[in-house]
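Architecture and fold: a report
Here are the chains, one letter per residue:
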Amino acid sequence: MHSTQAKAKSALLLTAFIWGSTFFVMKEAAAVFPPALLMAVRFTVGAAALALLFRGRLGVLRGRRYLAASLITGATQTAAYLLQTLGLHWDTSPGKSAFLTAAYCVLVPFLGWAALRRRPTGWQFAAAGLCILGIGLLSVTEAMTISPGDFATLLSAAAFALNILSVGYMVEQGCEPVPLTIGQLGAAALMCWGVCALTGAAPYAPPTAGAWASLVVLGLTASALCLSLQAYGQQHVEPSQASLLLSLESVFGVACSVVFYGETVTGRMLAGFLLIFTGILAGETQFAFVRRLRPQNSE
């Protein structure tokens, strides 16, 4: 059991690293492709790659359970990524997007409370307060306004929390990770192509070969690989723990944005990052790791 949990947590940690390392890639792609078109191509590539690789397991997707699971997880995934990409397209920097999105870690227990009637702990209430303060430092201007991009990113955090809860519930009900991921990506791709058809989405400028290549890489790694790893990890790790590990994408996201995108981190941004990350640790670990490091008094 411990070995299985270790593998599951490692899968979630790898997912967080890959997602965090793609924020600046998403920012650059969002300058060329409208959010719906970007996500439609990305999800289609991911779904097609997994379907080709695991074509022998596609038969289960015809069942009602998998159809319902695909629609629910696909809808939450579509909302989350469209809103996040819209925020990046408007005015949210990659590093800020990473930390604002990480607010889903604190939202998971509260949305679970609404759905499952499980009241959050005092630590989780404190965590929510710290995250709200951190979000205020990151997003609220001196004129007490919030930019459209930051607001869209915060809405994406709520959608990501719903996606984590829905994926966790579906794997608890017996859905296998790979077919569930294929169904989720396929449903999300269809929904995004539908949005493209309704809005007439087209590239803002002629895409270069590099821009198309970035979408393919995002589809294969950040979508196909990461969503499979997430579904596998959530088979053996409860949603609150899974959200903590996945939220580490915020740390990786800021680091990669500074190194590869040239983002400048101000003192106010750093304070906001620290408040949000402290809130995440408080809500999910209650700082138990600190208490374990304290020397025990000898008798």
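The structure under discussion appears in the preceding block.
Below: a short report on this structure. (Residues numbered from 1 in each chain as written. Predicted model: local features only at pLDDT ≥ 70, side-chain atom pairs only at ≥ 80, totals over all residues. Heavy atoms only, no water.)

**Regarding the packing of helix α5 (residues 94-101) against helix α12 (residues 249-261)**
Keep this limit in mind: Note on definitions: angles span 0 to 180 degrees between N-to-C directions of axes, and those axes are lines fitted to C-alpha atoms, for helices only across the stretch in contact. Secondary structure counts use DSSP, requiring at least four H or I residues in a row for a helix and at least two E residues in a row for a strand, with both numbered from the N terminus. Roughly parallel refers to an angle under 35 degrees, roughly antiparallel to one over 145, roughly perpendicular to one between 65 and 115, and oblique to any angle outside these ranges. In what follows, a contact means two residues having at least one pair of non-hydrogen atoms within 4.5 Å. Side-chain classes follow a simple rule in which Ala, Val, Leu, Ile, Met, Phe, Trp, Tyr, Cys and Pro form the nonpolar group, Asp, Glu, Lys and Arg form the charged group, and the remainder, Gly included, forms the polar group.
Contact geometry for α5 and α12: axes closest at 8 Å, N-to-C directions at 180 degrees. If you check the angle between α5 and α12, you find them roughly antiparallel. Across the interface between the two elements, P94, G95, A98 and F99 from α5 touch E249, S250, V251, G253, V254, S257 and Y261 from α12. Split into classes, the residues belonging to the contact of α5 with α12 amount to six nonpolar, four polar and one charged.

**A closer look at the packing of aromatic side chains**
Which entries qualify depends on this criterion: Working definition: a ring pair exists when centres of Phe, Tyr or Trp rings (six-membered ring for Trp) sit within 6.5 Å. Plane angles under 30 degrees give stacked, over 60 give edge-to-face, the rest tilted. Burial classes: relative accessible area under 20% of the type maximum marks a residue as buried, over 50% as exposed, and values in between as partly exposed (1.4 Å probe, protein chains only).
Going through the model one piece at a time under the given rule, you end up with five aromatic pairs. Taking 5.6 Å as the distance between ring centres and 80 degrees as the angle between the ring planes, the aromatic pair formed by F43 and Y81 counts as edge-to-face. With F43 in helix α3 (residues 35-53) and Y81 in helix α4 (residues 64-90), this residue pair connects regions lying 38 residues apart in the sequence. Assessed through its relative accessible area of 0%, F43 is described here as buried. Following the ring pairs from residue to residue traces out a cluster consisting of F43, Y81, Y104 and F160.

**Re the nonpolar core**
We apply this condition: Nonpolar core, defined: a set of buried Ala, Val, Leu, Ile, Met, Phe, Trp, Tyr and Cys residues in which side-chain atoms within 4.5 Å join the residues together.
L38, M39, F43 and Y104 are the most contacted members of the largest nonpolar core, which has 72 residues in total. Excluding its chain neighbours within four sequence positions, the residues that come into contact with M39 are M26, Y81, L82, T85 and C192.

**Regarding helix α8 (residues 148-172)**
Defined as follows: Multiplying 1.5 Å by the residue count of a helix minus one yields the expected span of that helix.
The end-to-end C-alpha distance of α8, which contains 25 residues, comes to 36 Å, matching closely the 36 Å that a straight helix rising 1.5 Å per residue would cover. Just downstream of α8 lies G174, where phi reads positive at about 105 degrees.

**Structural notes on the side chain of Q230**
By the secondary structure assignment, Q230 is in helix α10 (residues 209-236). Given a relative accessible area of 2%, Q230 falls into the buried group.

**Quick word on the environment of I72**
Relative to the helices and strands, I72 is located in helix α4. As a C-alpha pair, I72 and A188 span 116 residues in sequence and 9.6 Å in three-dimensional space.

**Structural notes on the pattern of salt bridges**
What counts, and what does not: Salt bridge, as applied in this entry: a Lys or Arg side-chain nitrogen positioned within 4 Å of an Asp or Glu carboxyl oxygen.
This structure, assessed with the given rule, holds two salt bridges. Between E176 and R57 there is a salt bridge; the shortest N-O distance is 2.6 Å. With a gap of 119 residues between them, E176 in the loop between α8 and α9 (177-199) and R57 in the loop between α3 and α4 connect regions that are remote in the sequence. A relative accessible area of 34% places E176 in the partly exposed class. With its nearest N and O atoms 3.4 Å apart, the salt bridge here joins K96 to D150. Placement of K96 in helix α5 and of D150 in helix α8 is noted, with a sequence separation of 54 residues between them. Take D150: its relative accessible area is 1%, and that puts it in the buried class.

**Points about the side chain of S93**
Worth spelling out the cut-off: Under this definition, polar contacts are N or O atom pairs within 3.5 Å; protein pairs additionally need one hydrogen-donor-capable and one acceptor-capable atom, and for neighbouring residues in sequence, both atoms have to be side-chain atoms.
By secondary structure assignment, the location of S93 is in the loop between α4 and α5. Engagement of the side chain of S93 in a polar contact is seen with the backbone nitrogen of K96, the distance being 3.3 Å.

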